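Commentary on secondary and tertiary structure
One-letter residues, chain by chain:
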Amino acid sequence: MTISEEHELLNNSGENQRSNYSSGGNGHAFQLESLLTESKPRYGSIGDSGGGDYAGDPENAFRHMDRITYTWYDMNVYGIIAKRAGRNRLISGITQKDPTPEMTPHIERKHILKGVHGIARPGELLAIMGSSGAGKTTLLNTLTFCSPASVIVSGTRCINGIPINNTSLRSMSAYVQQDDLFIGTLTVKEHLVFQALVRMDRNIPYKQRMQRVNEVLSELALLKCQNTTIGIPGRLRGISGGEMKRLSFAAEVLTNPPLMFCDEPTSGLDSFMAQNVVQVLKTLAQSGKTVVCTIHQPSSELYSMFDKLLLMAEGRVAFLGKPSEAYNFFSNLGATCPITYNPADYYVQLLAVVPNREDSCRQTIDMICDNYQTSDLGQRVTLEAAEAANNQYRFGGQTVMESMTERRSPYKANWIRQFRAVLWRSWISVIKEPILIKVRLLQSVLVSFLIGLIYFGQVLNQDGVMNINGAIFLFLTNMTFQNVFSVISVFCNELPVFLRENRNGMYRTDIYFLCKTLAEAPVFLAIPMIFAFICYYMIGLNPEQPRVFITAIIVALVANVAISFGYLISCISSGVSMALSIGPPVIIPFMLFGGFFLNTGSVPFYFKWLSYLSWFRYGNEALLINQWEGINEIDCTRSNYSCPQSGHVVLQMYNFEEQHLPWDIISLLGLICLFRFLAFLALLSKTYKGE
């Protein structure tokens, strides 16, 4: 029997059984409401964790919790769509905390998840499957409180029969996301050491943390690559995809969480690596953990490893139970899986919406989902989820978990330990980052030699004045563009790692930004100084001994202002491409106010405020003052040219004053602080948006 024939059979057999399920709510709402009002909470029935032993003291139950039964009841997710002039757009102003609001006539809502109930038990690997658009990723995001702000979520999520919130779930769970984000210049062991320093409880000694790192390396078969660089795709070779996925698991199991979520852990892996990764999940489940994962098109070998199977279709639960129970359930509906079929592929195809057959497919899906809800298996799951949800009313709106987490800091390590760990990792990533060290050093040396050769051996005449002033302005432009683009390319790529780790409560935003600044300071001071020292004497600038050191300091300050501006551009941008697009257009106006293309006395009054933010202005003035101050005679070899007679005249041509040198240096320091403070505020706003 073919899939299409089975669809037809299901459509015919389910015509009289199909419930009146509308998009606005659950057709069995009356039945679930009676469960809520009639059932009594039974902690012992909500899993194997022994919650009933602490029925009189729920807070004490969580102190002794090492086995978790996770239940969710009546989960509904609505995507809000606003209709404006015939077009639809998503409204992002409605947060998850909002209840299901009454929609205005101009707003319609899309019902994504429709009254979903479920349960995940300790010692079991629960796999969420379904076709594209079935709602499996939406369900996982809902269970982990990771839904975007543009959707409305309603329903109750409980651990061992007690309703929870976002903070309480994070304190006892781990989430291995689909995208593996690492600082690619670290080795495998360095990454795990950092994770152990910031994620394990603060009362655990250092020796025990390192012992746990070695245990995890051994358990997840990462010992052979523990000293191998993780790698950066397309830029730095590192470990394989399977090892990278196991490293993601290793970072999460360091703290031995009793509850784990995984989002499509086998994506992008070959069959052998996929089986290896699922075996890791199976092993974790067998150790007593509760493991929930979404998975896309598993092979028959992977399918046989699942303890429980949750099939999603059109935002509804089509089945939740053991794989053997799934076979019996669909067989009773007349859709027996053929022996030659992979059951996972068969069920996904059976519950898929085929193009040009949308109506018949949706009828089939509704019939299957309705039959599951009325089956004994579905009723048992609904009853347990309803009992747990009923405890929300028992605890009077605020859960015990909420009251506990309000008194507890979200960070496992204190401020000093976070600072030490993040500074250590930042320093390692800086000295190993090829763009920041090797490429920038080589670039600075080559450009410095090139400028020195082009302007080699300048003499103090009218031609030399123009050439020296041009070379000095090249110092500023080279330090600006070289540092801005290098910072953007590195910092933007690291931002997703920071945002994820900060969201997971590993370290504070101010610590990350401060450590990033301190770790990069030696490099960002040394390279500009090397640049200045190389070309200074080649060009033949002012030979007085203090002048070369002052030039090097000014060039280093200009470079750090540019770096700070690069941080600001990176923090306000959504990605590398956007930062590289808006960086140069924003820099050009600042360059025009540097005094080389436009005299500082000719700046229009309505742009005066902007000229005070130009590091080109302060850097150019400081370098020219350092060069021409004290030079009382300049050779004028051609009488038909207007030739400055002294260094003071050169400065007057640019409308610069000798006494402004200290203020220029102070202004450069002020711009460094200003741009970095604005960058920190932009980064802080990103963390708040992520929450």
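Residues numbered from 1 in each chain as written. Predicted model: local features only at pLDDT ≥ 70, side-chain atom pairs only at ≥ 80, totals over all residues. Heavy atoms only, no water.

1. Some points on the overall build of the protein
To keep things clear, this is the line we draw: The secondary structure listing takes helices from DSSP runs of H or I that are at least 4 residues long and strands from runs of E that are at least 2 residues long, numbered from the N terminus. A 1.4 Å probe rolled over the protein chains alone gives each residue an accessible area, and that area as a share of the maximum for its type sets the label: buried under 20%, exposed over 50%, partly exposed in between. Here, two residues are considered to be in contact whenever any of their heavy atoms come within 4.5 Å of each other. In short, Shrake-Rupley with a 1.4 Å probe defines the accessible areas, and a residue's cover is counted only from the protein chains shown.
Scanning the protein from terminus to terminus reveals 25 helices and 11 strands. Expressed as a percentage of its 691 residues, the buried residues of the protein come to 55%. Within the protein, counting contacts between residues at least 6 apart in sequence, those at least 24 apart form 78% of the total. Per element, the accessible surface of the protein, about 30,500 Å² overall, is 56% carbon and sulfur.

2. Focus on the pattern of salt bridges
Put simply, the rule reads: A pairing counts as a salt bridge when a side-chain nitrogen of Lys or Arg comes within 4 Å of a carboxyl oxygen of Asp or Glu.
Within the structure shown, the criterion is met by 18 salt bridges. Glu314 is the salt-bridge partner of Arg362, the closest N and O atoms lying 3.2 Å from each other. Placement of the pair is Arg362 in helix α13 (residues 358–374) and Glu314 in the loop between β10 (308–313) and β11 (316–321), with a sequence separation of 48 residues. With relative accessibility at 37%, the residue Arg362 sits in the partly exposed group. By sharing partners, the salt bridges in this structure join Arg212, Glu215 and Glu219 into a single network.

3. Some thoughts on the packing of aromatic side chains
Going by this rule: Here a Phe, Tyr or Trp ring, Trp counted by its six-membered ring, pairs with any other such ring whose centre lies within 6.5 Å, and the pair is stacked when the planes are under 30 degrees apart, edge-to-face when over 60, and tilted otherwise. Only when the NZ atom of a Lys or the CZ atom of an Arg is both within 6 Å of the ring centre and within 35 degrees of the ring normal do we say a charge sits over the ring.
For the structure on display, the rule yields 38 aromatic pairs. Each residue in the set Phe194, Phe491, Phe498, Tyr507, Tyr512, Phe513, Tyr567 and Phe680 is aromatic and connected to the rest through ring pairs, giving one cluster. A cation over a ring is seen here: Arg157 above Phe145, with NZ or CZ 4.0 Å from the ring centre. Here the guanidinium or amino end of Arg425 rests over the ring plane of Phe194, the centre of that ring lying 4.0 Å away.

4. So, the packing of helix α20 (residues 545–572) against helix α23 (residues 615–628)
Defined as follows: Note on geometry: axes are C-alpha line fits, over the in-contact stretch for helices, and angles between N-to-C directions span 0 to 180 degrees. Just so you know how the angles are binned, under 35 degrees is roughly parallel, over 145 roughly antiparallel, 65 to 115 roughly perpendicular, and the rest oblique. Side-chain classes follow a simple rule in which Ala, Val, Leu, Ile, Met, Phe, Trp, Tyr, Cys and Pro form the nonpolar group, Asp, Glu, Lys and Arg form the charged group, and the remainder, Gly included, forms the polar group.
The interhelical angle for the contact between α20 and α23, taken along N-to-C directions, is 175°, at an axis separation of 10 Å. Between α20 and α23, the angle is such that the two are roughly antiparallel. Contacts between α20 and α23 involve Arg547, Ile550, Thr551, Ile554, Val555, Val558, Val561 and Phe565 from the first element and Trp615, Gly619, Ala622, Leu623, Ile625 and Asn626 from the second. Considering only residue class, the contact of α20 with α23 consists of 10 nonpolar, 3 polar and 1 charged.

5. Considering the sheet that holds strand β7 (residues 173–176)
Threshold: The rule for pairing is simple: two strands pair if DSSP sees at least two bridges between them.
Across the sheet, 6 strands lie side by side as β7-β8-β9-β4-β10-β11; this open sheet has mixed pairing. Single-partner strands in this sheet number two, and they are β7 and β11. Averaged over all pairs of adjacent strands, the angle between their axes in this sheet comes to 15°, without regard to strand direction. Where β10 meets β11, 5 bridges bridge the pair, whose relative direction is antiparallel. Residue pairing for β11: Ala313 is matched across the bridge by Arg316. Across the sheet, helix α4 (residues 136–143) touches β4 (125–129), β7, β8 (259–263), β9 (290–294) and β10, and the angle it forms with β8 is around 145°. Where α13 meets the sheet, it contacts β10 and β11, and its direction lies at approximately 50° from that of β11.

6. Quick word on unusual backbone geometry
Within the chain, Ala221 stands out as a residue other than glycine whose phi angle is a positive 55°. Mapping Ala221 onto the fold places it in the loop between α7 (206–219) and α8 (241–253). Of note in the backbone geometry, Asn356 takes a positive phi value of approximately 70° without being a glycine. Here Asn356 shows up in the loop between α12 (343–350) and α13. Residue classification places Asn356 among the exposed positions, given a relative accessible area of 77%.

7. A closer look at the environment of Val277
Take Val277: it is sitting in helix α9 (residues 271–286). Taking relative accessible area as the criterion, Val277 reaches 1% and is therefore assigned buried. Placed 34 residues apart in sequence, Val277 and Glu243 show a C-alpha to C-alpha distance of 9.1 Å. Val277 has contacts with Lys245, Phe249, Pro265 and Leu269, leaving out every residue within four places of it along the chain.

8. Examining a nonpolar patch on the surface
What counts here: Patches here: salt-bridge-free residues with over 30% relative accessible area, like charges joined within 9 Å, nonpolar side chains (Val, Leu, Ile, Met, Phe, Trp, Tyr) joined within 5 Å.
Residues Trp415, Ile416, Leu514 and Leu518 make up a contiguous nonpolar surface patch of about 380 Å² in total accessible area. Structurally, Leu514 is set in helix α19 (residues 509–539).

9. Comments concerning the side chain of Arg425
For the record, the criterion: Here a polar contact means two N or O atoms within 3.5 Å. Within protein one must be a hydrogen donor candidate and the other an acceptor candidate, and residues neighboring in sequence count only if both atoms are side-chain atoms.
Mapped onto the elements of the fold, Arg425 is located in helix α16 (residues 415–432). Note on Arg425: relative accessible area 4%, which makes it buried. Within the local environment of Arg425, its side chain forms a polar contact with the side chain of Glu501, the two groups lying 3.0 Å apart. For Arg425, the residues in contact, after removing those within four places along its chain, are Ile183, Leu186, Phe194, Glu501 and Tyr507.

10. Looking at the nonpolar core
Let me state the cut-off plainly: Note on terminology: a nonpolar core comprises buried Ala, Val, Leu, Ile, Met, Phe, Trp, Tyr and Cys residues joined through side-chain atoms within 4.5 Å.
Tyr70, Trp72 and Trp615 are the most contacted members of the largest nonpolar core, which totals 187 residues. Ranked by the residues each element gives to this core, the list is headed by helix α18 (residues 462–503), at 16 residues. What Tyr70 contacts, discounting residues up to four positions off in sequence, is Gly118, Ile119, Ala120, Leu143, Phe145, Arg157, Cys158, Ile159, Ile164, Leu169, Leu259 and Phe261.

11. So, the side chain of Ser573
With respect to the helices and strands, the residue Ser573 is situated in the loop between α20 and α21 (576–592). Under the relative-accessibility criterion, Ser573 is labelled buried at 3%. Once residues within four sequence positions are removed from consideration, Ser573 is found in contact with Met578, Ala579, Ile582 and Lys686.

12. Section: the environment of Thr138
In this structure, Thr138 sits in helix α4. Placed 10 residues apart in sequence, Thr138 and Pro148 show a C-alpha to C-alpha distance of 9.7 Å.

13. Re the pairing of β11
Of all 6 residues that make up β11, 6 are buried, and the element is covered over most of its length. Here β10 folds back onto β11 in antiparallel fashion, the turn holding 2 residues, of which Glu314 has a positive phi close to 55°.

14. Points about the confidence of the model for the protein
What counts is decided by this rule: Scored between 0 and 100, pLDDT is the confidence that the predictor attaches to each residue.
In the predicted model, the protein carries a mean pLDDT of 81, and the fraction of residues at 70 or more is 82%. In the predicted structure, residues 1–64 sits below a pLDDT of 50 and forms 119 contacts with residues beyond four places in sequence or in another chain. When the criterion is pLDDT under 50, residues 83–105 qualifies, and its contacts beyond four places in sequence or with other chains add up to 45 contacts.

15. Describing α21
To keep things clear, this is the line we draw: Expected helix span is computed as 1.5 Å times (number of residues minus one). The seven residues ending at a residue and the seven starting there each receive a fitted axis; the angle between those axes is the bend at that residue.
Taking 1.5 Å per residue as the helical rise, α21 with its 17 residues ought to reach 24 Å, and the 25 Å between its terminal C-alpha atoms agrees with that figure. Taking the largest bend as the criterion, α21 deviates by roughly 25°, centred on Gly583, and proline Pro584 comes between one and four positions later. Buried positions along α21 lie against α18, α20, α22 (608–611) and α23.

16. Topic: α19
In this model α19 runs 44 Å from its N-terminal to its C-terminal C-alpha over 31 residues, within 8% of the 45 Å that 1.5 Å per residue would give. One or two residues past the end of α19 sits Gly540, with phi positive at roughly 95°.

17. As for the packing of helix α6 (residues 188–199) against α16
For the record, the criterion: Crossings are assigned a handedness: left-handed for a near helix turned anticlockwise from the far helix by less than a right angle, right-handed for a clockwise turn.
Relative to each other, α6 and α16 sit at 160°, their axes nearing to 9 Å. As the angle between them shows, α6 and α16 are arranged roughly antiparallel. The chirality of how α6 crosses α16 is left-handed. Contacts from Glu190, Val193, Phe194, Leu197 and Val198 of α6 reach α16 at Ala421, Val422, Trp424, Arg425, Ile428 and Lys432. By residue class, the composition of the contact of α6 with α16 is 8 nonpolar, no polar and 3 charged.

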